[in-house]
Amino acid sequence: MSAEPQAQQGTSAAGGSPAGPVVAVERLTKRYGRQVAVDDVTFSLDRGMITGFLGPNGAGKTTTLRVLLGLAEPTAGTALVFGRRYSHLDHPARTVGAVLESNDFYPGRSGRNHLRVLALAAGLPFSRVEEVLDAVRLVSAAARPVRSYSLGMRQRLGLAAALLGEPELLILDEPINGLDPAGVHWLRTFLRRFAGQGGTVLVSSHVLAEVAQTVDRVLIIDNGRLLADATVDELARRGQSLEAAYLELTTADLS
Amino acid sequence: MKAQLRSELYKLRSTWTVASVVAAMLALVTLAVLLHGFGLSASRLTSLPDQRGVFTDVGVNLGVLFAGLLGALAITSEIRSGTIRPTLLVTPRRGLVIAAKAVTILAAGFVAGVISAGAAAGAGGAALASRGLTIRLGAGDYAQLILGGGAAAAMWALIGLGLGAVVRAQVPAIVALFAWLLFVENIIGGDLPSVNRFAPGALAQALAGQQRSGTLHTPAVAALLLALYAALAVVAGRTATTRRDVG
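Residues numbered from 1 in each chain as written. Chains lettered and ligands numbered in written order. Predicted model: local features only at pLDDT ≥ 70, side-chain atom pairs only at ≥ 80, totals over all residues. Heavy atoms only, no water.

## A word on the confidence of the model for chain B
- For chain B, the mean per-residue pLDDT works out to 95, and 100% of the residues sit at or above 70.
- Among the prediction metrics, the complex's ipTM stands at 0.93, with pTM recorded as 0.92. (pLDDT = per-residue confidence, 0-100.)

## Structural notes on the packing of helix H3 (residues 48–81) of chain B against helix H7 (residues 170–191) of chain B
All names here are of chain B.
- Axis separation between H3 and H7 bottoms out at 9 Å; the angle between their running directions is 165 degrees. Accordingly, the angle class assigned to the pair H3 and H7 is roughly antiparallel. The way H3 lies across H7 gives a crossing that is right-handed. Contacts between H3 and H7 involve Val64, Leu65, Gly68, Leu69, Ala72, Leu73, Thr76, Ser77 and Arg80 on the former and, on the latter, Gln170, Val171, Ala173, Ile174, Leu177, Phe178, Leu181 and Leu182.
- Taken together, the residues of the contact of H3 with H7 break down into 12 nonpolar, four polar and one charged. (Axes fitted to C-alpha atoms, helices over the stretch in contact; angles between N-to-C directions. Helix = DSSP H or I, 4+ residues; strand = E, 2+ residues; numbered from the N terminus. Parallel < 35°, antiparallel > 145°, perpendicular 65-115°, else oblique. Left-handed = near helix turned anticlockwise from the far one by under 90°. Contact = heavy atoms within 4.5 Å. Nonpolar A, V, L, I, M, F, W, Y, C, P; charged D, E, K, R; others polar.)

## A short note on the interface of chain A and chain B
- Across the contact, 31 residues belong to chain A and 26 residues belong to chain B.
- At the boundary of chain A with chain B, total buried surface from both sides reaches about 2400 Å², with 60% on carbon and sulfur atoms.
- Among the residues chain A hides against chain B, the three largest losses belong to A:Leu71, A:Tyr106 and A:Leu120. Together they make up 26% of the total.
- Note that A:Lys30 is salt-bridged to B:Asp245, the shortest N-O span being 2.6 Å. (Buried area = accessible area lost by both parts, 1.4 Å probe. Salt bridge = Lys/Arg side-chain N within 4 Å of Asp/Glu carboxyl O.)

## A closer look at the environment of A:Lys61
Residues and elements named next belong to chain A.
- Here Lys61 shows up in helix H1 (residues 61–68).
- You can call Lys61 buried: its relative accessible area is 4%.
- Once the C-alpha coordinates of Lys61 and Thr231 are considered, the two residues, 170 residues apart in sequence, prove to be 18 Å apart.
- Beyond its immediate stretch of four places on either side in the chain, Lys61 contacts Phe53, Leu54, Gly55, Pro56, Glu174, Ser204, Ser205, His206 and Ile221.
- Polar side-chain contacts of Lys61 include one of 3.0 Å to the backbone oxygen of Pro56. (Buried < 20%, exposed > 50% of the residue type's maximum accessible area, 1.4 Å probe, protein only. Polar contact = N/O pair within 3.5 Å; in protein donor to acceptor, adjacent residues only side chain to side chain.)

## Remarks on helix H10 (residues 219–243) of chain B
Residue and element names in this part refer to chain B.
- Over its 25 residues, H10 extends 36 Å from the first C-alpha to the last, a length consistent with the 36 Å expected when each residue adds 1.5 Å.
- Along H10, the positions that sit buried rather than exposed are Ala222, Leu226, Ala230, Ala233, Val234, Gly237, Ala240 and Thr241.
- In this structure, the buried residues of H10 make contact with helix H5 (94–130), helix H6 (139–167) and helix H9 (200–207). (Expected span 1.5 Å × (residues − 1).)

## Some thoughts on the sheet that holds strand E2 (residues 35–45) of chain A
Residue and element names in this part refer to chain A.
- Here we have three strands laid out as an open sheet, ordered E2-E1-E4, and antiparallel in their pairing. The open sheet terminates on both sides in strands that have one partner only, identified here as E2 and strand E4 (76–81). Adjacent strand axes in the sheet meet at a mean angle of 20 degrees, parallel and antiparallel pairs treated alike.
- As paired strands, strand E1 (residues 23–32) and E2 are joined by seven bridges and run antiparallel to one another. By the bridge assignment for E2, Tyr32 is matched with Gln35. (Pairing = 2+ DSSP bridges.)

## Here we look at the environment of A:Val203
- With respect to the element layout, A:Val203 can be found in strand E7 (residues 200–205).
- Excluding residues within four positions of it along the chain, A:Val203 makes contact with A:Ile50, A:Thr51, A:Gly52, A:Phe53, A:Leu172, A:Pro175 and A:Val215.

Structural data, given as structure tokens:
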């Protein structure tokens, strides 16, 4: 297994149809009691694009991602990756890499052992652990317990875990929180290269400026409803900046 | 399943949790059995049932308690730290994760139970011998105490895992384990010995050879019933884990 061309495996690991969308969310609704977290959301993602999933805190971004990744059951609708429910993928770790929280680590376990635990479950060799540690520049800290890591290091360790199986789709929830400017630049470059090799990225954020320069396309969500689904080029043709579009859509009900 | 087993085993080996729990157990068992061995009057330590009673009360009770703790921690520490998310992203079939945890924690619980019963018999026997008392336990009694204690602790590790998977919050799960074994069964044992025989803590004692009014006198039946409790706990934990969303 090689370190680079992350996304050149085609869909063999996914076992889905190569022609279909990478992600297909259809009429997805998730309720918690009477509260509607996600309300009839539909979108799909095509290969090789970086899509920003934008919206204020509590808009429904994380809930959508959790349903997509099989951690929560939809109340109605479907959320498929490579044409299947996440839990029905043949090799989830080799198909999708995801980071949902920045601190999903056991504090007393070393970064390297965190990755080894996951590599074993995914049937991947320990050599992949060293490769991803190198890719996120955590080799020197790998033997230390995660409790001694800074937030930025934890973000990178989470990303390393997502990259273990050389996935074709990356799903990152607020990955930029806690990264210093050099880290942000590094992540941007990394995602660009990943997408350039045919990988697909869905990255959520509530801070517009963080993703504006990185994404090809935006999904804007607020109060559980999808308000916009457009490429950055389309917005530009309408003479609208991403920021203007975002503010117009997400503050509409305030005025 | 093999991959998940290796992963779960590596989880146990890559933190200090198991070692610290076992060390705490060992210290407590040794302390308690020495207090009994030196503190009780010689007249209460001469017969086989008396001597075995002390070893089981300390070695098996604490063994199953700490094994239950290990079982509960196996799932609640993942939920508490958040590692349950990466775990389930790699293995979305949650039943497989619980099954792999059950197998590894069964083995860990057995080892903890053997260590606990063995330490109680060793330190307790030394205390009795130093007071000039004759040890009445034969090889068969020791074997039943230690292997039965190990088997009972293995079952209790599964009970802890199931309880932890249902309760999910770490502290309440651990408090429930302690409260049940240290208080509830003691109360039932005093007031309703005929009912207490079928309680999981008393079954663990019976399995290790304890024979008194509040325990079953047939270890095989005790083993079967305890295995039934363990199976029910794992099934409940599996169902709870499969059906509910992960936060």
